[in-house]
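Here is how the chains run, residue by residue.
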Amino acid sequence: LGDNRAQEEEPTADGAAGSRRGPGGWCHQAGRRDRIRSLVRRAGGGALRPVSKASRMLRFNPATLYFLILEKEWWFCGLLAVAVYGLPVVLLSLLAIPLNFDNDTEEAEIFYNGGPPPHIILAFRFTAGNVISMGFGTVFPTSDWGYLLATLSQLLGILINVFVFAAVLAKFQSPKADVVFSQSCCIFTRDGTPHLCLRLGNLRCHTLFNPHIRLFLLRDHETAEGESFVRIQEIKVDLPGTVSGVYSVTHKIDEDSPLREAARVMASGGAIQEELLAIQCTFTALDPVYQAEVCAKYNYSAKDIGYGKRFADMITLLGERPFLDFSKFEDLVDAGGGTVPADPAGGLAARSASGASTASVASSLRSLGTKKAQTTLCL
């Protein structure tokens, strides 16, 4: 449950991925591209993955092989297809070497190549044609034993072709979510009450229906009898009707929240002990393209929780059309509006009337242009 993130760019103090320094200063465009590539890798590309996501095979059987085909990347399916076709062709070619063959293209090969092909090449052509195409090719046997071997090769070819076709079809039909999670979550004040917030994004930006998001707090717990175990408590979050591009998962830290003690510690300037706190987020939703459920999960350790920050707005308007800037997916800004109170259930944080009024007007002006975009993405 520790830090399960791939080793990517070093985040800066505000939580955003660091930009690279070039000869003329900060290369912001390069930093934005790297952050977008980082999101794509985390959604299922070439990034490193924790051991917990791999299969734990206690025994191997055909069902395990089918599971590996669906779980692994396409390169694994390609290597498996090469092995499934190659090994039988090589073995049957060795058995076919003692046989005699008739080559339909012998005259053409003598004309173009100056002589007939070697006998071992004919055996390989004979076997490959029967296994892959399930029929005689340009090389066919001249004995009963040869026809028996050809028949067995064709029967084996039927099984191999059905297996490879089913594997490729199942791989295409296997639903896989392009869902990414923010590498950090934050605690900030919203309407005077502390909230925990993390961000998830759908890189395909199409609508996912009936999303189900669950947060769990995992901490060490020791009973009065001396038993020690990991205690799991569910953290309540509000569920949206649909998720399209980006959604901020929030939890209100009230007096009934299992995070109230952690919020008090952070409000007083203390640090949460890493071995005592971990947060797991699970996500499932119905994908209308796959016509099946997609799922994803992410784990946060204590050091991934920020304080007094919130996520930056990703929605921008170009004319009348809204766009999502995924380079800002990890960006954090000052939450403003005071700090998280030491008592999460203690009401509104202290703010001056003039400061609250100014912040309210500025916030209204900033959000006026993005409300239409947010409504478009949600609907």
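Presented here is an overview of the structure given in this document. Residue positions are given per chain, counting from 1 as you read along its sequence in written order. With the structure being a predicted model, the display of local features is reserved for residues of pLDDT at least 70 and the display and counting of side-chain atom pairs for 80 or more, all residues being used for whole-chain, interface and lining totals. Note: side-chain values were computed over all heavy atoms of the structure, leaving out hydrogens and water.

## Focus: the packing of helix α3 (residues 74-96) against helix α6 (residues 144-173)
What counts is decided by this rule: Think of each axis as a best-fit line through the C-alpha atoms, taken over the contacting stretch in the case of a helix, with angles from 0 to 180 degrees between the N-to-C directions. The secondary structure listing takes helices from DSSP runs of H or I that are at least 4 residues long and strands from runs of E that are at least 2 residues long, numbered from the N terminus. Any angle from 65 to 115 degrees is called roughly perpendicular, while one under 35 is roughly parallel, one over 145 is roughly antiparallel, and all others are oblique. We call two residues in contact when some of their heavy atoms are within 4.5 Å. Residues were grouped as follows: Ala, Val, Leu, Ile, Met, Phe, Trp, Tyr, Cys and Pro as nonpolar; Asp, Glu, Lys and Arg as charged; and all remaining residues, including Gly, as polar.
Axis separation between α3 and α6 bottoms out at 11 Å; the angle between their running directions is 180 degrees. Taken together, the axis directions place α3 and α6 in an arrangement best described as roughly antiparallel. Contacts between α3 and α6 involve Trp74, Cys77, Leu80, Ala81, Val84, Tyr85, Pro88, Leu92, Leu95 and Ala96 from the former and Leu149, Ser153, Leu156, Ile160, Asn161, Phe163, Val164, Val168, Lys171 and Phe172 from the latter. Residue classes in the contact of α3 with α6 are distributed as 17 nonpolar, 2 polar and 1 charged.

## A word on the packing of aromatic side chains
Let me state the cut-off plainly: Within 6.5 Å between ring centres, the rings of Phe, Tyr and Trp (the latter by its six-membered ring) count as paired, and their orientation is classed by plane angle as stacked under 30 degrees, edge-to-face over 60, tilted in between. Categorising residues by exposure relies on relative accessible area from a 1.4 Å probe, with only protein chains included: less than 20% of the type maximum marks a residue as buried, more than 50% marks it as exposed, and the intermediate range marks it as partly exposed.
All told, the structure shown has 8 aromatic pairs when counted by the stated rule. When the centroid spacing of 4.9 Å and the interplanar angle of 40 degrees are considered together, the rings of Phe101 and Phe126 count as tilted. Within this pair, whereas Phe101 is found in strand β3 (residues 101-103), its partner Phe126 is found in helix α5 (residues 119-132), the two being separated by 25 residues in sequence. On the numbers, 5.0 Å between centres and 90 degrees between planes, the contact of Phe111 with Tyr112 is edge-to-face. Classification of Phe111 by relative accessible area gives exposed; the value is 66%. In this structure an aromatic cluster arises from ring pairing among Phe181, Tyr298 and Tyr300.

## Quick look at the pairing of strand β9 (residues 228-235)
Formally: Criterion used throughout: strands pair if DSSP finds at least two bridges between them.
Here strand β8 (residues 208-222) runs beside β9; their pairing, made up of 8 bridges, is antiparallel. For Arg219, the partnering residue across the bridge sits in β9 and is Arg231. In this structure, the hairpin formed by β8 and β9 is closed by a connection of 5 residues, where Gly226 is found at a positive phi of approximately 95 degrees.

From the geometry alone we can't say anything about function, so treat these as descriptive.
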